[in-house]
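# Report on the structure
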Amino acid sequence: MNKLFVLLLVTISCFGQKQQKDSFYFNPNEGSGFVEIEATDVNYSKGEAINHTLQKSIDKLTKKGGVIKINSGTYKINGGLSFKSNVHIKVAAGAVFELDGTGTIFSAQSGSEIPLTNFSFQGLGTDNRKSGGSDDRFVIKFKYENKSSNTKKSAVIRIGNASNFKLANFIIIDQYTQPSSIALSPEFTTVNVFSSDKEENIDGKKAAKKAKKKSSSRSNLINKVYGVPSKGIVENIDNLNGAFGYGLVQMQAGNNIVYRNLSGTGGIIVRLESGLNINQLFRPVGSKAVYTVGGIGLPLTIDKQPKIDLVYLDHISCKDGHSAFSMSPHTIHQGRVFIKNIHVEACQDAGYVGDGFINNFSREEAAGLDVAAFGITPGSFSGESTVENVTAIFGQNAQIKAKNFKYIPCELRIDKGADATDPNKGLAVEIGLDFESYRGPSLHSIKDGSTTGIKITNVKAFGFPSSIPANGLIKTSGQYDFNKCERIVRSSKESKAKSDKKKDKKGKKKKDKKFK
């Protein structure tokens with residue numbers, strides 16, 4: 001009996017790691033309804049957007065199900081469209097959607113514990129470049145430019161409490177904007193533990209100023225989770241001109257999601273990171289309500305916390321950007337992620353396997369929350385996770401943020417253009433179009449900070465300096481921190497500006513932590 005029990009446990013564990021057939025993640029029922037949209041149905045020349053016509057068609061088909069076919073042509077599109085259950089949108093080759101405004105274009109939010117299900121957004125065109133043909137996938141184009149760090153941001157698709165969905169076969173032409181083009185996030189409701197009434201009743205200028213500070217800080221906590229993205233496929237999508245920390249996909253939570261054949265220039269192609277502070281503030285399982293304010297006892301336990309689990313990445317590539325993937329658990333003990341067939345060229349790295357850390361909760365603390373009461377510890381990804389078959393090709397047009405300058409080898413610490421024999425060598429002096437990174441040399445293949453024994457195998461690096469390991473894989477221990485090498489030049493205006501800010505009131509310069 002004991003042997004059978006052990007065998008059963010092993011079988012369940014192995015099954016949990018194995019990627020299933022596509023029909024497990026997306027098994028559509030397209031229904032009988034059909035609507036066809038032509039470019040002539042909306043007057044592009046007069047600035048008319050496709051939104052009204054498209055949303056009307058989605059609403060019409062959701063009850064019994066159906067397909068919306070959008071034919072070739074140029075369409076203006078704005079934010080505010082909603083996917084709905086049982087509706088499948090298919091876009092013909094040659095279609096172009098031009099986005100002038102801001103906000104999320106398509107949103108899949110159920111607003112309840114019942115998920116949206118059985119929906120898709122797919123192109124009918126294909127990328128035939130590898131076989132010598134053309135790429136005729138439809139295009140979503142951001143017409144506005146990222147003119148400053150304060151430029152209003154847009155996302156293409158945001159998925160919440162949803163299942164049985166597919167996004168496939170299109171190209172996004174970004175303009176180095178934030179956030180990521182596609183976001184997968186939990187859906188939840190929050191409670192404000194500091195009511196505005198209490199703040200308004202405080203007398204005195206000093207108290208009023210304090211109240212204003214509280215109200216401007218985040219004081220919301222999650223009191224109910226509706227759900228997370230579960231069972232879906234995201235494949236055959238390119239994202240061009242991504243910002244350093246963003247790019248194609250950011251996954252904050254979800255399970256049983258397949259990412260396949262994704263690529264891009266700039267940014268991170270698939271970013272696995274919660275990125276939302278209130279996701280971290282959950283009390284331990286079985287504990288009493290450890291935090292009560294104004295009679296509100298927080299009810300949630302850690303088992304309800306939105307997490308990342310059973311996620312599969314296959315054939316993910318990056319060029320002239322940040323990386324193909326990143327894994328950053330923050331304070332959450334995330335689940336299993338399986339990554340394979342990664343290819344990057346002239347990117348800062350192929351991937352980042354991050355260690356956990358405790359978020360900066362200064363805003364929550366400013367709102368009056370006793371963050372220490374939540375017993376937060378550094379997070380991690382499951383040790384069952386794997387990364388395999390990674391190829392990183394060195395290049396001089398990667399995106400590098402100032403905090404990573406320390407990883408630039410000594411021999412490459414020159415201003416770009418200073419070496420007449422190799423004008424592309426070194427680090428750009430001017431900040432990039434994303435207003436957060438500089439163009440410079442690839443740093444390594446993978447930066448590994450895992451504390452749970454994540455298995456990383458078959459990593460290859462080509463063209464990197466001899467000061468980097470042969471396979472380009474480094475640990476986050478600081479061994480490949482090159483700040484101790486002799487400074488050649490400052491290498492960026494940002495380093496100089498930050499150094500100048502460190503001058504104290506007496507005009508004495510503090511220690512420069514960037515380049516030594």
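Described in the following lines is the structure provided in the data block. (Residues numbered from 1 in each chain as written. Predicted model: local features only at pLDDT ≥ 70, side-chain atom pairs only at ≥ 80, totals over all residues. Heavy atoms only, no water.)

## Regarding the overall build of the protein
Along the backbone of the protein there are seven helices and 28 strands. The buried share among the 516 residues of the protein stands at 51%. Across the protein, the fraction of contacts at a sequence separation of at least 24, relative to all contacts at a separation of at least 6, is 78%. Element-wise, carbon and sulfur atoms account for 51% of the exposed surface of the protein, whose accessible area totals about 23,700 Å². (Helix = DSSP H or I, 4+ residues; strand = E, 2+ residues; numbered from the N terminus. Buried < 20%, exposed > 50% of the residue type's maximum accessible area, 1.4 Å probe, protein only. Contact = heavy atoms within 4.5 Å. Areas by Shrake-Rupley, 256 points an atom, 1.4 Å probe, with all protein chains shown as cover.)

## Looking at unusual backbone geometry
Here the residue pair Gln178 and Pro179 is connected by a cis peptide bond, since its omega of -5° sits within 30 degrees of zero. Following the sequence through the fold, Pro179 ends up in the loop between β11 (162-173) and β12 (182-184). The phi angle at Asn236 is positive, at roughly 55°, despite the residue not being glycine. Along the chain, the position of Asn236 falls in strand β15 (residues 230-251).

## Concerning the side chain of Asn277
Along the polypeptide, Asn277 turns up in the loop between β16 (254-273) and β17 (292-293). In this structure the side chain of Asn277 is engaged in a polar contact, spanning 2.9 Å, whose partner is the side chain of Asn359. (Polar contact = N/O pair within 3.5 Å; in protein donor to acceptor, adjacent residues only side chain to side chain.)

## Section: the pairing of β11
Across the twelve residues that make up β11, a large majority, eleven, are buried. Where strand β8 (residues 116-123) and β11 come together, six bridges link them in parallel fashion. Directly across from Thr117, in β11, lies its bridge partner Ser163. Bridge analysis of strand β9 (residues 138-142) against β11 gives four bridges, and the strand direction is parallel. Its bridge partner being in β11, Phe138 is matched across the sheet by Phe170. As paired elements, β11 and β15 share nine bridges and run parallel to each other. When the sheet's bridge partners are listed, Ile171 is paired in β15 with Asp238. (Pairing = 2+ DSSP bridges.)

## So, the pattern of salt bridges
Following the criterion strictly, the structure yields 16 salt bridges and no others. For Lys166, the salt bridge goes to Glu235, with nearest N and O atoms at 3.0 Å. Pair noted here: Lys166 is in strand β11 and Glu235 is in strand β15, with a separation of 69 residues, a long-range link. When salt bridges that share partners are traced, they join Asp127, Arg129, Asp135, Arg137 and Asp238 into one network. (Salt bridge = Lys/Arg side-chain N within 4 Å of Asp/Glu carboxyl O.)

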